[in-house]
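Summary of the model geometry
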Amino acid sequence: MRRVASSHGLDWHIELDSNGAATSNTDWDLRKLNKSHDLHVPGSCGFAVSRDLTAMAASTGWHPSQLPEGAVLGEDVQDFIKALIVEHCSSGRSTGDTQQIARAARRLFSLVRCPPWELSRENFDAVLGLKAWSDKPARDFSTVARYIDENLISVHCPVRPELKRKESSALLGSLQERQHAEKLPDLSALLELTRIVFQETPQTYMDAVRFGVVKLALFTGLRIEEVLTIPADCLVWDEHLDIVTGRPAGTVGGVSRSLRLHYYAEKHIDGAPNLLVEAHQHVPAMFEDVVVSTVTEMVEIVGPVRELLRLQQQNPSRFPDSDCRIFRTSSGRPVWTSDRLFLSLGRSTAGRTYPLQLPLQEDTEIKPMLYPGMLIALGRHAGRSMFSVYGRSPESKLMSIKPHSLRHLMNTEMFRKNVPDTIITHQFGRRTVAQSYEYDHRNLAEKLSFVKLPPAASKVLPAGSAKELVGKMVVSGMALQSHLGQSFKRIQHESGDEAAFIYLAANADGFHVTPYGFCTNSFSVNPCTRHLKCFDQCKHFTASGVAEHRVTLEDLRSKLVAMRDAARCKPATTVGRKNQIAHAERLIAGVSAALHAQPNQSVFADGIDHSTLKEDIFK
């Protein structure tokens with residue numbers, strides 16, 4: 001790794017101060033490892049022992065002999081972290097991700113007193129058990145362990161820990177409740193932000209530019225990072241002709257003209273972080289006017305700044321504070337920072353007024369808009385936010401909004417409008433349809449709102465009733481493999497639609513959500529005789545695919561395995577031991593089947609109908 005670092009122009013030796021921080025003149029510039037176009041220099045993050053973590057460990061009873069001495073990590077640990085940085089970053093990973101892995105290694109060695117080649121899985125388990133780490137830091141620890149295992153660094157390999165899932169079994173309160181609604185923007189904050197950017201007059205040039213960024217984020221659903229790098233010539237109009245007549249498609253019932261937005265896609269740069277990946281997003285006709293007006297307004301507002309930066313880039317050495325860089329796109333086309341739609345004025349006082357006071361000084365500092373600045377503007381970080389400046393009430397001035405929640409909102413709205421998932425996937429530049437469903441926060445009622453029942457159903461299934469809801473689930477195929485769905489299908493085949501829907505009306509008195517999935521049995525006629533033990537071969541049990549249900553099932557399986565193992569440990573002559581083991585294994589098999597079942601599919605299609613009355617053997 002020393003040779004790899006040297007080949008990229010990095011000196012292996014990094015000077016540190018007494019607290020373990022790297023000096024600015026010797027710290028690494030990670031951009032040299034992956035040729036990244038990051039604006040700021042990403043460094044190694046230093047090699048200081050995290051005193052917060054060591055203090056936390058000591059307060060929970062860790063013995064001082066378990067923790068490192070001094071304020072700086074040992075040289076062996078430093079060499080390991082440097083090698084980790086070189087391996088991770090030179091393989092094409094982003095500098096930000098590399099820094100996260102380096103921080104995870106620093107946290108790890110702030111809590112263990114041993115060299116890298118003596119690390120064990122117990123060390124990782126102890127670190128993970130110290131506090132309730134969020135998902136990302138826990139995965140970063142696992143990544144560090146993966147590098148150790150892949151390169152057989154430790155004598156105790158494998159050392160990679162098994163990450164535990166969050167044990168949350170909270171169920172939705174109703175069919176109208178959204179799944180993971182916390183990923184959507186708060187309604188009050190969203191309405192206030194929309195009012196601000198469309199009704200308020202910006203006080204400064206920078207506010208005017210930020211208003212434009214928010215407008216495009218609202219109506220495109222692009223990531224904020226993608227909006228910030230949109231080129232000034234982003235509007236692409238396509239003319240459509242009828243292939244038969246050669247006339248404009250609008251004259252024969254089609255669309256003659258449509259708009260695409262040219263942008264640079266994030267998360268498509270694996271192995272090439274030095275590239276801007278060109279992409280296009282089709283703009284829905286209902287949003288064309290607002291997108292065109294926003295872009296046109298930003299071109300006019302930022303125009304004088306752009307022209308000045310183009311003059312500065314002709315002699316960049318004279319203007320070291322401005323960003324005069326040139327980038328390479330995935331099509332091989334060169335672009336400059338000055339080609340961007342959104343530009344900031346750095347520390348210049350000119351950016352504190354609106355409209356701009358022209359002409360601008362020749363040496364005015366000009367830079368691209370950056371993500372951290374938008375986090376401040378949206379109230380996510382401390383500072384001058386749009387809400388604090390333009391909010392109409394004391395409550396609204398304290399509001400904030402997550403930038404990525406706007407992307408979740410646009411995706412969910414497209415699902416709500418019944419846009420096909422393949423089109424949504426293409427619209428947002430994703431690689432798989434499954435990724436789009438991570439952004440689907442519709443409730444069950446919304447998912448079924450586009451299902452139309454035949455006329456025969458309207459006579460017996462009242463509109464808006466639970467019976468109609470179950471009927472839509474059966475007709476749409478969501479519950480077709482259940483006992484109720486199979487009976488409906490059989491009656492429909494034998495006696496027609498009317499008889500089938502009459503049967504459905506008599507039995508579909510409600511839709512039931514259990515802790516483990518869905519049940520379409522009629523509880524009012526035949527209450528659950530198994531006390532919601534859906535996983536015990538119940539014919540009415542349908543997998544939901546809901547994350548909370550999976551967590552409940554996995555927790556149940558671990559408990560059943562523990563019960564089975566406890567029974568196995570009993571003496572072979574213990575009364576009931578064999579039956580206990582057999583019963584536990586049957587339930588474990590049922591839970592496993594539920595975990596492996598596809599969403600909306602019957603788990604036990606040939607299972608037992610527990611609602612059927614059992615024959616009385618004593619008659």
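The notes below deal with the structure included here. (Residues numbered from 1 in each chain as written. Predicted model: local features only at pLDDT ≥ 70, side-chain atom pairs only at ≥ 80, totals over all residues. Heavy atoms only, no water.)

1. Details of the pairing of strand β2 (residues 257-265)
Of all nine residues in β2, eight are buried, a share of seventy percent or more. When strand β1 (residues 235-239) meets β2, the two strands line up antiparallel, connected through five bridges. Opposite L235, over in β2, you have L261 as the bridge partner. As judged from the seven bridges shared by β2 and strand β3 (residues 275-283), these two strands associate in the antiparallel manner. Within the sheet, the bridge partner assigned to R260 lies in β3 and is H282. (Buried < 20%, exposed > 50% of the residue type's maximum accessible area, 1.4 Å probe, protein only. Helix = DSSP H or I, 4+ residues; strand = E, 2+ residues; numbered from the N terminus. Pairing = 2+ DSSP bridges.)

2. Here we look at helix α11 (residues 288-312)
Counted at 1.5 Å a residue, the expected span for α11 with its 25 residues is 36 Å, and the 34 Å between its end C-alpha atoms agrees. If you look at α11, its biggest bend is around 55°, right at G303, and the proline P304 turns up within four residues after that. (Expected span 1.5 Å × (residues − 1). Bend = angle between axes of the 7 residues up to and from the residue.)

3. Some thoughts on the pattern of salt bridges
Scanning all chains against the criterion turns up 28 salt bridges. D238 is the partner of R260 in a salt bridge, and the nearest nitrogen-oxygen pair spans 2.6 Å. With R260 in strand β2 and D238 in strand β1, the pair connects residues that are 22 residues apart, well separated along the chain. Here R260 matches D238 in class, with each residue buried. Across the salt bridge formed by D440 and R442, the nearest N and O atoms sit 3.0 Å from each other. (Salt bridge = Lys/Arg side-chain N within 4 Å of Asp/Glu carboxyl O.)

4. As for the sheet that holds strand β4 (residues 326-329)
On the basis of which strands lie adjacent, the open sheet formed by five strands has the order β1-β2-β3-β4-β5 and mixed pairing. With partners counted over all chains shown, the strands left at the sheet margins are β1 and β5 (334-336), one partner each. Between one strand axis and the next, the sheet turns through 40° on average, direction left out of account. As defined by bridge partners, β4 adjoins β5 across three bridges and the pair is classed as antiparallel. When the sheet's bridge partners are listed, F327 is paired in β5 with V335. (Axes fitted to C-alpha atoms, helices over the stretch in contact; angles between N-to-C directions.)

5. Details of the environment of F124
Along the chain, F124 turns up in helix α6 (residues 121-128). Distance in space between the C-alpha atoms of F124 and V159 is 7.5 Å, their sequence separation being 35 residues. Discounting residues that sit within four places of it in the chain, F124 has contacts with L108, L119, F141, A145, I148, V159 and P161. (Contact = heavy atoms within 4.5 Å.)

6. Some details on the packing of aromatic side chains
As enumerated under the stated definition, the model contains eight aromatic pairs in all. Judged by centre distance (5.2 Å) and plane angle (65°), the rings of F219 and F287 are edge-to-face. Here F219 is found in helix α9 (residues 205-220), whereas its partner F287 is found in the loop between β3 and α11, with 68 residues between them in sequence. According to the relative accessible area criterion, F219 is partly exposed, its value standing at 22%. Chaining the aromatic ring pairs together yields one cluster made of F198, F219 and F287. We note K215 situated over the ring of F198; from NZ or CZ to the ring centre the distance is 5.1 Å. (Phe/Tyr/Trp six-rings, centres within 6.5 Å; stacked < 30°, edge-to-face > 60°. Lys NZ or Arg CZ within 6 Å of the ring centre and 35° of its normal.)

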